[in-house]
Amino acid sequence: MVIFEDEKNKSNTASEMKFYYINKHQGCPQYIGEKPIGFGLVTGSKGEVLTDIIPLPMVIFVISGRIRIKFPEGDSTTVDEGCMVTATMSGDTSVEALENSMCLRLIIQGDSMNFCHRIVSEAHVQATGPARGKVLRMIPEVKAIVRQMTGYITDGLLCCDIHAMKQRELAAVLQAYCRPSDLQEFIAPIHDPGAKFYNDVMRLAEDWPQVKEIASQMNMSYPTFVRHFKKVFKKPPLEWMSDMRMKRMEEMLLNTTQGEQEISEALRFRTIQDMRSFCKARFGKTPLQVRDGV
């Protein structure tokens, strides 16, 4: 059996749950920035937690064990074996294994509620809009999808299209076999108007364009783009882009053998000197000092 583990979530401590996903092809559509979306497998021993969570609409299926999702407001939701729940996570949300657990998680792909627009009332969702949905038991048809995706992941099947196909199958199964009254409460949290904006920004930002270029490609005026950006990302776009560039620069310096010229071009600095000045301003060190751990 082959397991593909997310390098960013790999931990040598006993406190972190382990996250596994279906492929490592970061050029494929299953990635937002450097994070894989679609289906992934999470395992944890009792007491372990998972905190590195993408703030996007998500479905969690508990295959075995029992978990507790803790939200920033102080509330929590407990999900037992054989059950599923939806949630829109934030950076401060965590998942704790109350028992030795294995879960499948699905980060919704596409434009938010295109996933299940036929089975949800827009008015109902806007009126409720909770951070987490109603916990439902997995019906046999859903369990079949979960078993198949778990098998694909553990066998190392590298196929981007599987995610989208199985997400569509899941939507069809939910619509066909679950009561609409249950689905309203189950689906409400993953109706996130900010999800499409987030996805689009992350895809476009991979090439490090100017903020005005991103706004233009999204057919938005600059003031409108900035207003939406602050609402979804919780900070101004220039500050966010600078933070992302700083993080990516550090990763490239510490984890690759690429030279300053290559890194400068990859991050779209005009010159190597511009990159050095940026690095000095953000880290207080030159790129080579960062690389050498000085």
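Refer to the structure printed above.
Quick caveat, the model's predicted, so the values are computed rather than measured.

About the criteria used
Residues numbered from 1 in each chain as written. Predicted model: local features only at pLDDT ≥ 70, side-chain atom pairs only at ≥ 80, totals over all residues. Heavy atoms only, no water. Core = buried A, V, L, I, M, F, W, Y, C linked by side-chain atoms within 4.5 Å. Buried < 20%, exposed > 50% of the residue type's maximum accessible area, 1.4 Å probe, protein only. Helix = DSSP H or I, 4+ residues; strand = E, 2+ residues; numbered from the N terminus. Contact = heavy atoms within 4.5 Å. Pairing = 2+ DSSP bridges. Expected span 1.5 Å × (residues − 1). Arc of directions from axis to C-beta.

S.K.: I keep staring at the nonpolar core and nothing clicks. Help me out?
M.R.: Judged by nonpolar contacts, the single largest core of 47 residues is most densely connected at Ile-69 and Phe-225. At six residues, the largest contribution of residues to this core is made by helix H8 (residues 237–255). Those residues within four positions of Phe-225 in sequence are excluded, and the remaining contacts are Phe-197, Val-201, Val-211, Ile-214, Ala-215, Met-218, Met-220 and Pro-237. With 25 residues, the next largest nonpolar core counts Val-142, Ile-153, Leu-183 and Ile-187 among its residues.

S.K.: Would you take a moment to explain the sheet that holds strand S10 (residues 94–97) for this structure?
M.R.: Whenever strands of a sheet pair, they do so through backbone hydrogen bonds, lying parallel or antiparallel. Reading across the sheet, the four strands line up as S5-S10-S7-S8 and stay open at both edges, with antiparallel pairing between neighbours. The strands lining the two open edges of the sheet, one partner per strand, are strand S5 (49–50) and strand S8 (76–80). As defined by bridge partners, strand S7 (residues 66–70) adjoins S10 across four bridges and the pair is classed as antiparallel. Counterpart to Arg-68 in the pairing with S10 is Glu-96.

S.K.: How do you make sense of helix H2 (residues 140–155) when you look at a structure like this?
M.R.: Residues separated by three or four positions in an α-helix point in the same direction, a consequence of the helix having 3.6 residues per turn. Over its 16 residues, H2 runs 22 Å from end to end, which matches the ideal 22 Å to within 8%, given 1.5 Å per residue. Taken together, the buried positions of H2 are occupied by Val-142, Ile-145, Val-146, Met-149, Thr-150, Ile-153 and Thr-154. Angular distribution of buried residues about the axis of H2 spans 155°; they occupy a single face of the element. Exposed side of H2, more than 90 degrees from the buried face: Pro-140, Arg-147 and Asp-155 are the residues found there.

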